[in-house]
Amino acid sequence: MDGYPTATSSLQSVTENVLKAHLPSSETYQAAGATGDSSGKAGTSETGPLLQKQLHIQFLLRNLLQGFPERYISQDASQPWLIYWTLQGFSVLGIGMDDQTRKRAKQTLLALQHPYGGFSGGPGQAAHLLPTYAAVCALAIVGQPGPDGAWDEIDRTKMYEFFLSLKQPDGSYTVTQDGEVDVRGLYCLLSTATLLNIVTPELLKGMPEFIVSCQSYEGGFGNASFPEWAFPEEDDGAFDASAPRPLLGEAHGGYTFCATATWVLLQPYLRHYYSSSSTSQRPTVNMHALLRWLTQMQGTHMELGGFRGRTNKLVDGCYSWWVGGCVGLVEGLLGPGCVPGAHEPGAHAEEWTDIDDSLFNRQALQEYILYAGQYPAGGLRDKPPKSADSYHTLYCLSGLSAAQHTVLPDDARRAELLASWSDETINEREGFGFTPASDAARSQWDAMRKEAFVSALSWVEEEGTSKYVGGAVNRVNATHPLFNLTATHTEGMMQHFYGQQVPERRPKHPAAEK
């Protein structure tokens, strides 16, 4: 409040007052009980706010079984997303599905597989990277190997050809034929390719340089950069990866999550294809700036600790995952102690061992979701007084999961995965149109795929770090920071497509994942 009111500052003030009204007074704990009240405030108990799991389950079931309300017509090109948001919502809440529901979901999703590769957003529509990711993730939840399991009906050869058809000279990808370039598309492509074991150097060439070009001066990432700057006019027009490419747009929570997750997934490629190259300078992301931007996106006490997606914007429940979940990715990148540069020569990570174990206020984020994010009739929302929708229901629940659980790469799990790896069985799962040029190229590619598999599955929930605002009754399942799938579903799909046997994971909590 600087004495110069604007529409933005007035809306900020109104939002703060609305959020404040959703905090219970001491009397509310006794009056509201565990069911909520007519004012729309979240139900509470003697130990704090209560996650209305049954109401949220009913909200998801209603959409799945009865169909979506008329206002969802705007999501006609996002039908795999509607299915994924619903199914993953069940998974985070720990709800299993009956065989008939699984069968219907698989049939619906496979009907959206495009004849030329990838998945469409709806019947008769063009294939698109974003619904391709959503469809594959949904199939990871309801599918399985073998006849009628749906996984073997995913056409990996055509999907790989579809991916390559979208590749641009600067390492970026359009999201569909003749579509726009967007880092969300890169994330959807690379996470899908990692799950299905179709990651190749051909697919990834130039992608790290493009990701780096999308980081803004603030530290977060925008959606794309101008490619023209990378094609100097004075030569033959060849792409120059080192040329500066001005950013398109400002740093944004959704783009930042997608760029950061893509950067994590690119690490095996960077290690195996840049370290051995004397001509390629390894691109780098400014981790200090990224971490600073992420933590600054968490709202103040007056905003109940929710996250915003851009500087000077309002807090929004979905950024609980896009920004709050992204903090976990940065923690994984930085390694033990979470100190930027801790693995560089001369760094002293041990000097930081006494700092707090969280890089954002996990309690405050849980309170935002529980007090302000829950809609009285079921489902979760951006913020009051808005209604619930499928998108915010999943990403509020995923953000709640990220605030409750600390999931990081684990050296012991990594060692188990390396020990169980079989070089013979991975080659049985190829057959998608890529052939290395030589034995040396094959060896290098195999090493990258092994690293991609092990790195993706070595993320483990740290024991003794869970924090449940409102008590253990509010616990939701941990979700994988890279894919937003449970560990069970991630391991199941990757085990199948890489032809590996994943060592049994010891349960971290009595409530097993469904």
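Analysis parameters
- Residues numbered from 1 in each chain as written.
- Predicted model: local features only at pLDDT ≥ 70, side-chain atom pairs only at ≥ 80, totals over all residues.
- Heavy atoms only, no water.
- Helix = DSSP H or I, 4+ residues; strand = E, 2+ residues; numbered from the N terminus.
- Buried < 20%, exposed > 50% of the residue type's maximum accessible area, 1.4 Å probe, protein only.
- Contact = heavy atoms within 4.5 Å.
- Areas by Shrake-Rupley, 256 points an atom, 1.4 Å probe, with all protein chains shown as cover.
- Lys, Arg positive; Asp, Glu negative; His and termini not counted.
- Salt bridge = Lys/Arg side-chain N within 4 Å of Asp/Glu carboxyl O.
- Polar contact = N/O pair within 3.5 Å; in protein donor to acceptor, adjacent residues only side chain to side chain.
- 1 Å grid on protein atoms, 1.4 Å probe; cavity = no way out; pocket = protein on both sides within 12 Å on 5 of 7 lines; lining within 4 Å.
- Points joined across faces, edges and corners; volume = space filled by probe spheres on them.
- Nonpolar A, V, L, I, M, F, W, Y, C, P; charged D, E, K, R; others polar.
- Axes fitted to C-alpha atoms, helices over the stretch in contact; angles between N-to-C directions.
- Parallel < 35°, antiparallel > 145°, perpendicular 65-115°, else oblique.
- Left-handed = near helix turned anticlockwise from the far one by under 90°.
- Phe/Tyr/Trp six-rings, centres within 6.5 Å; stacked < 30°, edge-to-face > 60°.

Student: Help me get a handle on the overall build of the chain, residues and values and all.
Tutor: On a plain count of helices and strands, the chain comes out with 21 helices and six strands. Here the chain, with 514 residues, has 56% of them falling under the buried criterion. Across the chain, the fraction of contacts at a sequence separation of at least 24, relative to all contacts at a separation of at least 6, is 73%. For the chain, the accessible surface area stands at approximately 22100 Å², while carbon and sulfur atoms represent 52% of it.

Student: Now, about the side chain of Arg381: what can you tell me, with residues and values included?
Tutor: Looking at the element boundaries, Arg381 is found in the loop between α16 (362-373) and α17 (390-404). With no salt bridge to any partner, buried Arg381 finds its closest opposite charge in Asp382, at an N-O distance of 8.3 Å. Reaching out from Arg381, the side chain makes a polar contact with the backbone oxygen of Ala372 at a distance of 3.0 Å. Of the polar contacts made by the side chain of Arg381, one reaches the backbone oxygen of Gln374; its length is 3.3 Å.

Student: Describe empty space enclosed by the protein, listing the residues and the values that go with them.
Tutor: Tallying each qualifying case throughout the model produces two cavities of 30 Å³ or more. In this structure, the largest cavity spans a volume of roughly 180 Å³. For the lining of the largest cavity, the secondary structure elements donating two or more residues are α15 (324-334), α17 and β5 (407-409). Take the lining of the largest cavity: its biggest share by element is four residues, from α15. Here the lining of the largest cavity is composed, by residue class, of seven nonpolar, eight polar and three charged. The volume enclosed by the second largest cavity comes to roughly 50 Å³. In terms of lining, the second largest cavity is formed by Leu190, Thr194, Val199, Leu204, Leu265, Pro268, Tyr269, Met448 and Ala452.

Student: So what's going on with the environment of Gly309? Which residues, and what values?
Tutor: Residue position: Gly309 is located in the loop between α13 (287-296) and α14 (319-322). Along the chain, Gly309 and Trp322 lie 13 residues apart, while their C-alpha atoms are 8.0 Å from each other. Ignoring anything within four residues of it in the chain, the contact list for Gly309 reads Ala251, His252, Gly253, Trp293, Met297 and Tyr319.

Student: How would you explain the side chain of Gln88 if you had to name every residue and give the values?
Tutor: Relative to the helices and strands, Gln88 is located in helix α4 (residues 79-93). In terms of polar contacts, Gln88 uses its side chain to reach the side chain of Thr479, at 3.2 Å. Contacts of Gln88, omitting those with residues within four sequence positions, involve Ile141, Leu394, Thr479, Asn484, Leu485 and Thr486.

Student: Just give me the short version of the packing of helix α5 (residues 99-110) against helix α6 (residues 129-142), but keep the residues and values in it.
Tutor: Helix packing geometry: the angle between the two helix axes and the distance between the axes. At their nearest, the axes of α5 and α6 sit 10 Å apart, and the two run at 155 degrees to each other. Here α5 is positioned roughly antiparallel relative to α6, judged by the angle of their axes. In the crossing of α5 with α6, the sense of the turn from one axis to the other is left-handed. Where α5 approaches α6, its residues Arg102, Ala105, Lys106, Leu109 and Leu110 are matched on the opposing element by Ala135, Ala138, Leu139, Ile141 and Val142. For the contact of α5 with α6, the residue count by class is eight nonpolar, no polar and two charged.

Student: Which residues make up the packing of α6 against helix α8 (residues 183-196), and what are the values?
Tutor: Close contact between α6 and α8 brings their axes to 8 Å; oriented N to C, the two are set at 35 degrees. By crossing handedness, the relation of α6 to α8 is classed as left-handed. For the pair formed by α6 and α8, the contact residues are Leu129, Leu130, Thr132, Tyr133, Val136 and Cys137 on the first element and Arg184, Gly185, Tyr187, Cys188, Leu189, Ser191, Thr192, Leu195 and Leu196 on the second. Partitioned by chemical class, the residues of the contact of α6 with α8 number 10 nonpolar, four polar and one charged.

Student: Report on the packing of aromatic side chains, specifying residues and quantitative values.
Tutor: In the structure shown here, the tally under the stated rule is 22 aromatic pairs. Ring geometry for Tyr133 versus Tyr187: centroids 5.4 Å apart, planes at 50 degrees, classification tilted. Residue Tyr133 is located in helix α6, and its partner Tyr187 is located in helix α8; the two are separated by 54 residues in the primary sequence. Assessed through its relative accessible area of 3%, Tyr187 is described here as buried. A centroid spacing of 5.1 Å and a plane angle of 70 degrees characterise the contact between Tyr160 and Phe432, whose relative ring orientation is edge-to-face. Placement of Tyr160 in helix α7 (residues 156-165) and of Phe432 in the loop between α19 (423-426) and α20 (439-457) is noted, with a sequence separation of 272 residues between them. With a relative accessible area of 2%, Phe432 lands in the buried category.

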